[in-house]
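# Tertiary structure, described
One-letter residues, chain by chain:
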Amino acid sequence: MKRGAPVDDINEDDLLVGKPKKSAAGLKAVEVALERGIAQAGVTRTMQSLLRLNQRDGTDCPGCAWPESQGTRKPAEFCENGAKAVAEENTLRTVTPEFWARHSIAELATKTEYWLGNQGRITHPMVIRPGDTHYSPIAWQEAFDLIGEHIRATTPERTVFYTSGRTANETAFMYQLFARSIGTNNLPDCSNMCHESSGSALNPTIGIGKGTVSLEDIHTAELIFVVGQNPGTNHPRMLSALADCKSNGGKIVAVNPLPEAGLFNFKDPQSVSGVIGNGSSLADEFLPIKVGGDLALFQALGHLLLEEEERVPGSVVDHEFIATNTEGFAAYRAARKELDWAEIETATGLSRLQISTVAQMLVKSKATIICWALGLTQQPHSVDTIKEIINVLLLQGNFGKPGAGACPVRGHSNVQGDRTMGIWEKPKEWLLAALDQEFGIVSPREHGLDSVETVEAFENDDVDVFVSMGGNFALACSDTEVLEASMQRVGLTVHISTKPNRSNVMHGQTSLILPTLGRTDTDDKHPGGRQILSVEDSMSCVHSTQGRLTPVSEHLLAEPVIVARMAAATLGPEHAVDWKAMADDYDVIRDHISRVLPGFEDFNKRLRTKNGFILPNPPRDTRSFATDIGQARFTVSPLEYLKAPEGHLILQTVRSHDQYNTTFYGQDDRYRGISNGRRVILINQDDAAELGFQDRELVDVVSTFQGQERRADKFRLVFYPTPRGCAAAYFPEANALVHRELVARESNTPGYKAMTVRFLPHEEQVRQLS
Ligand SMILES: Nc1nc2c(c(=O)[nH]1)N[C@H]1C(S)=C(S)[C@@H](COP(=O)(O)OP(=O)(O)OC[C@H]3O[C@@H](n4cnc5c(=O)[nH]c(N)nc54)[C@H](O)[C@@H]3O)O[C@H]1N2
Ligand SMILES: Nc1nc2c(c(=O)[nH]1)N[C@H]1C(S)=C(S)[C@@H](COP(=O)(O)OP(=O)(O)OC[C@H]3O[C@@H](n4cnc5c(=O)[nH]c(N)nc54)[C@H](O)[C@@H]3O)O[C@H]1N2
Ligand code: SF4
Ligand SMILES: [Mo]
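Everything in this summary refers to the structure shown in the same document. It should be emphasised that the depicted structure is a prediction, and the values quoted were computed from it without experimental measurement.

The subject of this paragraph is the overall build of the protein chain. Each helix and strand counted, the protein chain has 32 helices and 32 strands in total. Taking 2.2 N^0.38 as the reference for a compact globule, 770 residues should give roughly 27 Å; the C-alpha atoms of the protein chain span a radius of gyration of 25 Å, in line with that estimate. Principal-axis analysis of the C-alpha atoms places the extent of the protein chain at approximately 75 × 70 × 55 Å. Across the 770 residues of the protein chain, 64% fall into the buried class. Restricting to contacts in the protein chain with at least 6 residues of sequence separation, those with at least 24 account for 79%.

What follows deals with the site of ligand 3. Every residue near ligand 3 is listed here: N54, C61, G63, C64, F78, C79, G82, P236 and R237. Residue composition of the shell around ligand 3, by class: five nonpolar, three polar and one charged.

Time to look at the nonpolar core. Core analysis: the largest hydrophobic core is formed by 62 residues, its most contacted members being L512 and L514. Counting residues per element, this core draws most heavily on helix α7 (residues 169–182), at eight residues. If near-sequence neighbours (up to four positions away) are discounted, L512 is found in contact with M126, V127, I138, A143, L146, I147, L492, T493, V494 and H495. Residues C477, M506, L651 and I681 belong to the second largest nonpolar core, which totals 54 residues.

This next bit is on the site of ligand 2. Residues in contact with ligand 2 amount to 31 residues; listed here are only the nearest, Y162, S164, E559, T662 and N735. Within the side chain of S164, one N or O atom sits 2.7 Å away from an oxygen atom of ligand 2. Between N472 and ligand 2, the recorded distance is 2.9 Å, taken from a backbone N or O atom to an oxygen atom. Broken down by class, the residue content of the shell around ligand 2 amounts to ten nonpolar, 16 polar and five charged.

At their nearest, the axes of helix α6 (residues 140–152) and helix α26 (residues 559–571) sit 8 Å apart, and the two run at 55° to each other. One way to sum up the angle between α6 and α26 is to call them oblique. In the crossing of α6 with α26, the sense of the turn from one axis to the other is right-handed. Across the interface between the two elements, W140, Q141, F144, D145, I147, G148, I151 and R152 from α6 touch I562, R565, M566, A569 and T570 from α26. Per-class residue counts for the contact of α6 with α26 are seven nonpolar, three polar and three charged.

Pairing is mixed in the closed barrel, where six strands are placed in the order β23-β31-β28-β30-β29-β32. Going across the sheet, the axis of each strand differs from the next one's by a mean of 45°, ignoring polarity. Sheet topology places strand β28 (residues 680–683) next to strand β30 (residues 708–719); four bridges connect them, and they run parallel. Each bridged residue has a counterpart across the sheet, and for L682 the counterpart in β30 is V718.

A few words now on helix α24 (residues 480–487). Buried residues of α24: T480, L483, E484, S486 and M487, and no others. Elements in contact with the buried residues of α24: α22 (451–459), β16 (465–469), α23 (473–476), β17 (492–497) and α25 (502–505).

Glancing now at unusual backbone geometry. In this structure, the amide linkage connecting F731 to the following residue, P732, adopts the cis form with an omega of 5°. At K714, a residue that is not glycine, the phi angle is positive and equals roughly 60°. As for its position among the elements, K714 is in strand β30. Despite not being glycine, N748 shows a phi value in the positive range, around 60°. Tracing the backbone through its elements, the reader meets N748 in the loop between β31 (726–730) and β32 (755–761).

Rules behind the numbers
Residues numbered from 1 in each chain as written. Chains lettered and ligands numbered in written order. Predicted model: local features only at pLDDT ≥ 70, side-chain atom pairs only at ≥ 80, totals over all residues. Heavy atoms only, no water. Helix = DSSP H or I, 4+ residues; strand = E, 2+ residues; numbered from the N terminus. Rg over C-alpha atoms; globule rule 2.2 N^0.38 Å. Buried < 20%, exposed > 50% of the residue type's maximum accessible area, 1.4 Å probe, protein only. Contact = heavy atoms within 4.5 Å. Near = heavy atom within 4 Å. Nonpolar A, V, L, I, M, F, W, Y, C, P; charged D, E, K, R; others polar. Core = buried A, V, L, I, M, F, W, Y, C linked by side-chain atoms within 4.5 Å. Polar contact = N/O pair within 3.5 Å; in protein donor to acceptor, adjacent residues only side chain to side chain. Axes fitted to C-alpha atoms, helices over the stretch in contact; angles between N-to-C directions. Parallel < 35°, antiparallel > 145°, perpendicular 65-115°, else oblique. Left-handed = near helix turned anticlockwise from the far one by under 90°. Pairing = 2+ DSSP bridges.

Shown next as structure tokens:
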């Protein structure tokens, strides 16, 4: 057996349930990090990669988009989950042509992502053609020619180019240029499923689709809200930034239906108190909100702030800021004047006292930051919720001053950069014009398909070629069964990836797997020698990243090289763009970027400075707001929240502590006390009793959406402290329950945290069938 690749898959009957933890990180995190690294890659390779992680001239952690310090860096600049992300990539386990010969697609279709991903790194380009039962090896050039033939045989609007957010800036820039050179804006990305709602709310209100704070602001804020976010697992080093804020006298409010460990206590393994003491306590107030109740909460907070201002004029509202920089205040004030407290309490599950306590904290704070993540972005009214957050921030002038601002905490390590590079199905005219001018191409103007529209296009047989730059679209997007069935009808699917996953198995009629270098791998097969790449973190800092480990296979190609060769094979030698020059020397790509994208002037030089550079951010830098009206905008949204009919609950989905989206590192959701199983539903004990279910009972789950049902069988109920009426399951197991049309308005992000479900006893089903 190769270096411990698992033979056995997850066995749901082995599920263990312990007590949820109250504290995150600590020495246990270090122990797990090292243990996982060594199991995958051995001691030397693990240490080599970890000591370079997040260091200047080192490798940007592929774990998440949380930024690095602009100041001094410690020798260990990573967290447990960063170390796991690296171990996952730098593993010495390999998936060779023999692996694919040994396992048929039919067999691989029975495996979970835990088994598939843990087999190791893909070593050779592989192909499967109509009628084949197994993937077999293919030469690189033959693979590129096949792609070219398929793309040329169809029309541009029937080709789709998906991007996952690990893709570096240079690759992303070339990839969107390739799609636009073919003639399509079909550039869906993982952002469509992630923070799209944030962009849809921020662009019209503050004129930029990104956050407006720096790490320094987090340290100096007087008050920070952490809303709809599980930082202990998904952005672990955010906890040290929050702890710094606390030690500077700041306060923290956490808003979450689940009492996530990282919200309460953080034991920094790099400090004495984190190792032998009690660590730092974090949230001063915890609001256990009902799923989907945040719009109501922020409307109530806005109401209370205005009420206080009326009581003591000048004490709360920043009138000067509002008069100079905003529009729509009078309408907002009028809309927030009346409040139906009974309805607010129903919507949020919180008491008036709880909300008023937090409003008082806002009143006292002169510098407030509101952070949020997916707990707010994946519901029908997500865009309105985030706009309501902006209203509350605008009221007190919390933009363009130290320690204040909006902080959507992004997921994938370069998801923000990919969008900056033009990965967007709805590009702005200025971008297309700049590309046309720089390259002498004619970019298409018609907007393309986003992720959910791609699923619909699959269903309608409107796609002939689907190319995926990383990611695992089959499992990440909604309506798994519908998606998988229709994806298999696509003429050609191409997956540029590092590890096997479900999308390789639910492939199109012809399918290619193109194995690529990861972040930690040395990229030096170029005429000019070793290349560096760049990424943009959640706080708009662009910096370099380079790998230094010997790749596990000599057959891997770097992502920019793959894009260049796909493009050359498709567009032919006469095409206006010199693809090869870019693949040979990434400085050439960056020179193009510097002429196309504002903020990237002198890109090559500035990338090689100590910390990289921060992109311009008008609200933060100059308190200016580049909206269509040139000012920040207050908005008025009607009250909306999720209501489940009798006998139903609202189901949200979360990540476990041992997974990276659809990649399962292991089977231990340590902080929630759940291990060795993933098909669970976290449910409030009183809801279970009312519905007539026991702890650990097996159920089948039925979701309903506009009269249509989706079903996923055999989940185990686990009693858990979540508000009445709300339940939680893991992503991606529950994605089969997300109807494709259940989306956030405006952003079209799937309603992964807004399903209406009911449960059927699984045993009963078994009895009925027998
Ligand atoms: N280790 C690890 N790190 C990751 C990832 C990973 O999978 N593993 N994924 C990366 C990616 S791509 C992303 S986008 C981020 C995701 O980071 P998070 O947004 O933290 O991810 P989720 O696990 O979806 O957690 C959502 C949180 O919102 C809460 N929540 C759900 N519904 C509501 C609601 O209606 N209101 C409020 N207030 N809270 C709610 C949930 O209880 C949960 O705590 O993490 C990134 N980092
Ligand atoms: N129910 C539910 N569904 C969700 C979510 C949710 O909260 N709930 N969250 C959504 C969110 S926020 C996101 S971001 C999406 C994630 O959607 P994706 O980004 O599509 O999925 P990942 O699981 O991150 O992709 C993992 C795969 O990427 C490949 N990979 C890893 N590293 C590299 C690399 O360096 N290069 C290349 N080319 N490939 C690589 C590996 O083959 C691996 O299998 O899922 C969404 N789906
Ligand atoms: S916080 Fe995110 S980027 Fe930083 S080390 Fe941890 S996983 Fe990596
Ligand atoms: Mo994400």
